[in-house]
Amino acid sequence: MDTEQLNAMRETARRFARREVAPLVGTEGRDGDLGGLEGVLVRAAEAGILASADPDGAGFEYGVWGRASVQEGAAASVAVLEELAVECAGVAACVHFAGLGALELVGEEMAGEALVGEESIGGPVAVALFGRGWRVSWSGLQTPPPGAVHLGAGGLMGACDFVYGAPGTRRYVVFAAGDHGWERALVAAEAEGLTTASVESRMGLAAASVAHLQFDAVGVSPSRRLASASASATPQAHVRRLMLGLAALAVGNARGALREARRYAEERFQGGAQIEDHPAVQLLLGDSASRVAAASAWLREAAAPGVVPDAGGDGDGEDQTPLWRAFAAKLRCCAECGRAVTDSLQVLGGYGYMEEYRLEKRLRDAMTLEAMAIEPNTLRLLCATNPGGVS
Amino acid sequence: MSDGIRPVGARERLGPLGRLLFDTEARPIWDHDTDTLSRPLRRLRHRYRDFAEVHLSCQGLAADRDPDFVDIPELFLRAAREGFGTELMPPPWGTLQITAVWRGLLLPSVLKAEELCAADGGLGLALLAHELGIAPLFVSGDLKAYFYWLGRIYREIRAGEPAMAAFAITEPGAGSDVEDTEGARSARLGCFYERVAGGFRISGRKVFITNGAVARWVTLFAAQKGCGVETWTCFLLDKSMAGFEVGRHERKMGQRAADASELILDEVFVPDDRVVGEVGAGWAISRNVLNFSRPVVGAMALGIARGAFEHAARFCNETRLANRPLSDYQDVQLTLADMLMKLSAMRATVWQSTRYRLPFGAAGAIAKVFCADTSWEVCRTAMTLLGDHGYVHSASVEKAARDARLTQIYEGTNQINRLAIFESQTGAEFGSDCAGCASCASCASDASGASGASGADCGSGGECGPASPVQYKIKTDRRGQSE
Ligand SMILES: Cc1cc2nc3c(=O)[nH]c(=O)nc-3n(C[C@H](O)[C@H](O)[C@H](O)COP(=O)(O)OP(=O)(O)OC[C@H]3O[C@@H](n4cnc5c(N)ncnc54)[C@H](O)[C@@H]3O)c2cc1C
């Protein structure tokens, strides 16, 4: 994908976000009108923004984590997620998580549907990888660690905590330790032996759904075992996309915060001037702007098309630089952008702390992004190992 | 073998005197710090903690979810029955322990603030804002306000009435401007009084007033109609006054158990005897109230951070990752140690700020800014330490982070407080040697710029004139140019 195409996708996403997402966020309620969320996601799918595993779906090729992301890299998906997050990181997260799920099913026969008994159901798919009590490590991503869900003759056993999805998720692609290392299975939320507990009352990204999954001998028929050979269907590849997407959400969210802070600083009069004239405010804005710029430069590099192959490196001796960069991007973008958001909030003084100005929502989202999936200390430890040779 | 290497084991190889000098006992820093206090303060610190654990800890999360969950006046009365809420007067009127304030007027207040907020930042704020509300009655040095009005409020509390107070300076068009000398000169005020027979008539609005909805008493600052902050006067209002109403309640990010409300005044008649201090002394009173209250905000920030740390430490002890407790991992140990180190630094800063003969601008602002910023860092770290659990409400640390964020904003944003540090030390650490006089050129121009902040003719016939010039001197403006 060339720069022109990438910019066009960015522009489409930006317009969609302004038209559909911004009104949803509004000024009412703690996190906006979440009742209208499913409609927005349907329209995102129709507009080709949300990926589909169905070859006839509008987003099959170029939606967020559509099939093209395997060959052409992460840049387009990352750009679209960033633009969506400028208006709402929660909605962008839904698109991200649903896209990750859809990609796991691309090329599979049951792509457009999943069966519970003989009943066909659709809807978003979520990916379950992080087993309970597992600390993410390079080796664990390659060979299943003890905490991973187990797939044996008796079905799936074990637990995954904090499985991210879009609202209405009823199918899961589960990474599990099988006879040949990591394997993938598709299970329905209603499958016998699967208990799902939704994680309610969270700080941010309220639009997305998060669940704990407990597998107690969940049967997986051979047709529900997904192909495991392709380089795009490994834990590394999934984690790389997950990390890049979260970093993109952080950058978009901070861009939105900065935009609001600038707008407010132009209008608010204190200290005998518009507050944008006060160096105290300029320091906050300048610091935020430079952090966002640095984060977005790093993000683009980490997701650059063509420069890096879209594989995390799934075998011995394979180049793991892309995955390393994704870890570093999640770590740095979330930290820098979190700081940018809190500084932007400070520009609004007491008003920034109030729900209706939406800066506090952005800060909640930013902090959630920083803590989630792989937390900073583990990311640092992963970055300390330098498999890709970045010096 | 290894026992002889660890400090506890190694100590055994020392003689009796050596052992006496080598403290290896594993005790919380809280206990070590408590030991440094006088006996009355030690007792008080334990009592604050016990109260907070029993009455605040268990309700904090529910009150955060639904601010109506806790009956704040009722909680206030429970605290009052323990003697917490009437500490500005000695017995028999109040519960001030002279022996406890011997080493520093504010030390009991910061001990209390830390304990209450370690249990819950929102409920802690609701209880502590009362003291901010009555602070002008004490700080003004007005004996009538102190003995008559404060005495009356305490009498009501002793009689079992929830006579809570709130402090109201902020207006829609004047937030930082009523906390900062430079801003005050050009503040666009919107709450004014007019003299009428027997008193004053006040109209206007105040916003973001903590406990505005539940307080019975409000110390409210208003300027003479058409004039600036130099005419600011402090009035003691009560909610029964005609024309005095509570407006909107803000929906805020954290410290949600305490309301932040708008107060609307429509020609409220306030009798002469409700003036606190002198007419026109409001600016001085409010500045000094902030000197007294900012160390307390620092202590609140410290308390919130301590709460987050305690939750995080417990989580790390109880949670196993790859079959080891989280706290066994070196990176986790380093992070927890970092947090504890910051808590210690915060406490040292706050306690130090109370040891001066009197609170002063820089001391209060330093404690407030340092602790608010550090508290935010500690809470953020606590969240990330818990990973995905960190953003779940029931784990408490995300709430602590939301609560901590407010301490960087109220009682003057941390930016305005930094400017207050500079201002307070101008003529000492910073700027010219002159700390403010009537004769040198820069101070004279400063004083002349102070009167008539709005610049308009207020029609008072000069009554608001140079009555009470903005007190604080500063030699450079905010753009770094000399005035
Ligand atoms: C939850 C809550 C509770 C509160 N409780 C009370 C209360 O009980 N009583 C009460 O009276 N008030 C209360 N306040 C008000 C609080 O003190 C103010 O919000 C605070 O002083 C900032 O004012 P502001 O919100 O108008 O921000 P603004 O003054 O509009 O500030 C916006 C930004 O501009 C900057 N700025 C403004 N002026 C200058 C300047 N001259 N130079 C450099 N930078 C400048 C600020 O630092 C800030 O970053 C409360 C506020 C909140 C949020």
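As a reminder, the structure under discussion sits directly above these lines.
About the thresholds
- Residues numbered from 1 in each chain as written.
- Chains lettered and ligands numbered in written order.
- Predicted model: local features only at pLDDT ≥ 70, side-chain atom pairs only at ≥ 80, totals over all residues.
- Heavy atoms only, no water.
- Helix = DSSP H or I, 4+ residues; strand = E, 2+ residues; numbered from the N terminus.
- Buried < 20%, exposed > 50% of the residue type's maximum accessible area, 1.4 Å probe, protein only.
- Contact = heavy atoms within 4.5 Å.
- Areas by Shrake-Rupley, 256 points an atom, 1.4 Å probe, with all protein chains shown as cover.
- Axes fitted to C-alpha atoms, helices over the stretch in contact; angles between N-to-C directions.
- Parallel < 35°, antiparallel > 145°, perpendicular 65-115°, else oblique.
- Left-handed = near helix turned anticlockwise from the far one by under 90°.
- Near = heavy atom within 4 Å.
- Polar contact = N/O pair within 3.5 Å; in protein donor to acceptor, adjacent residues only side chain to side chain.
- Nonpolar A, V, L, I, M, F, W, Y, C, P; charged D, E, K, R; others polar.
- Core = buried A, V, L, I, M, F, W, Y, C linked by side-chain atoms within 4.5 Å.
- Phe/Tyr/Trp six-rings, centres within 6.5 Å; stacked < 30°, edge-to-face > 60°.

Enquirer: Lay out the overall build of chain B with the relevant residues and their values.
Expert: Counting its regular elements, chain B contains 16 helices and 10 strands. Put simply, chain B has 483 residues, and 57% of those count as buried. For chain B, restricting intrachain contacts to residue pairs at least 6 apart in sequence, the fraction spanning at least 24 positions comes to 74%. Entry remark: accessible area of chain B is about 19600 Å², with carbon and sulfur atoms responsible for 55%.

Enquirer: Please give an account of helix 14 (residues 397-406) of chain B that cites residues and values.
Expert: Within helix 14 of chain B, 10 of the 10 residues are buried, which leaves it mostly tucked inside the rest of the structure. Buried within helix 14 of chain B we find Val397(B), Glu398(B), Lys399(B), Ala400(B), Ala401(B), Arg402(B), Asp403(B), Ala404(B), Arg405(B) and Leu406(B).

Enquirer: Which residues make up the packing of helix 7 (residues 235-267) of chain A against helix 10 (residues 359-371) of chain A, and what values go with them?
Expert: Residue and element names in this part refer to chain A. Two elements in contact, helix 7 and helix 10, have axes separated by 10 Å at closest approach and are oriented at 160 degrees. When the interaxial angle is binned, helix 7 and helix 10 end up roughly antiparallel. For the crossing formed where helix 7 meets helix 10, the hand is left-handed. Seen from helix 7, the contacting residues are Leu246, Leu249, Ala250, Gly252, Asn253, Gly256, Ala257, Arg259 and Glu260; seen from helix 10, they are Leu359, Arg362, Asp365, Ala366 and Leu369.

Enquirer: Tell me what's going on with the site of the ligand, and back it up with residues and numbers.
Expert: Within the structure, the ligand sits among 32 residues, and Arg268(A), Gly350(A), Thr170(B), Ser176(B) and Thr413(B) are positioned closest to it. Around the ligand the close residues trace back to chains A and B. Contact between the ligand and Gly350(A): an oxygen atom at 2.7 Å from a main-chain N or O atom of the residue. Between the ligand and Ser176(B) there is a distance of 2.5 Å, counted from an oxygen atom to a side-chain nitrogen or oxygen. In the complex, the protein chains occlude 98% of the 970 Å² of accessible area that the ligand would expose alone. In terms of residue class, the shell around the ligand is made up of 14 nonpolar, 13 polar and five charged.

Enquirer: Give a description of the nonpolar core that names residues and reports values.
Expert: Met243(A), Phe327(A) and Tyr391(B) are the most contacted members of the largest nonpolar core, which has 224 residues in total. Per element, the largest residue contribution to this core is 18 residues, and it comes from helix 11 (residues 282-318) of chain B. Setting aside residues up to four positions removed in sequence, Phe327(A) forms contacts with Trp138(A), Leu141(A), Val239(A), Met243(A), Ile374(A), Leu379(A), Leu382(A) and Cys383(A).

Enquirer: Give me the lowdown on the packing of aromatic side chains, citing residues and values where you can.
Expert: Taken as a whole and judged by the stated rule, the model has 25 aromatic pairs over all chains. Note on Tyr351(A) and Tyr357(A): the rings are 5.6 Å apart at their centroids and 65 degrees apart in plane angle, and the pair reads as edge-to-face. Look at Tyr351(A) and you get buried, because its relative accessible area is 15%. Taking the relative accessible area as the measure of exposure, Tyr357(A) reaches 33% and is therefore partly exposed. Measuring from centroid to centroid gives 4.9 Å for Tyr146(B) and Phe147(B), while their planes differ by 80 degrees, and the two rings are edge-to-face.

Enquirer: Go over the environment of Asp179(A), please, and point to the residues and values.
Expert: Residue and element names in this part refer to chain A. Residue placement: Asp179 occurs in the loop between strand 6 (171-178) and strand 7 (181-188). With relative accessibility at 71%, the residue Asp179 sits in the exposed group. Separated by 176 residues in sequence, Asp179 and Thr3 have C-alpha atoms that sit 43 Å apart.

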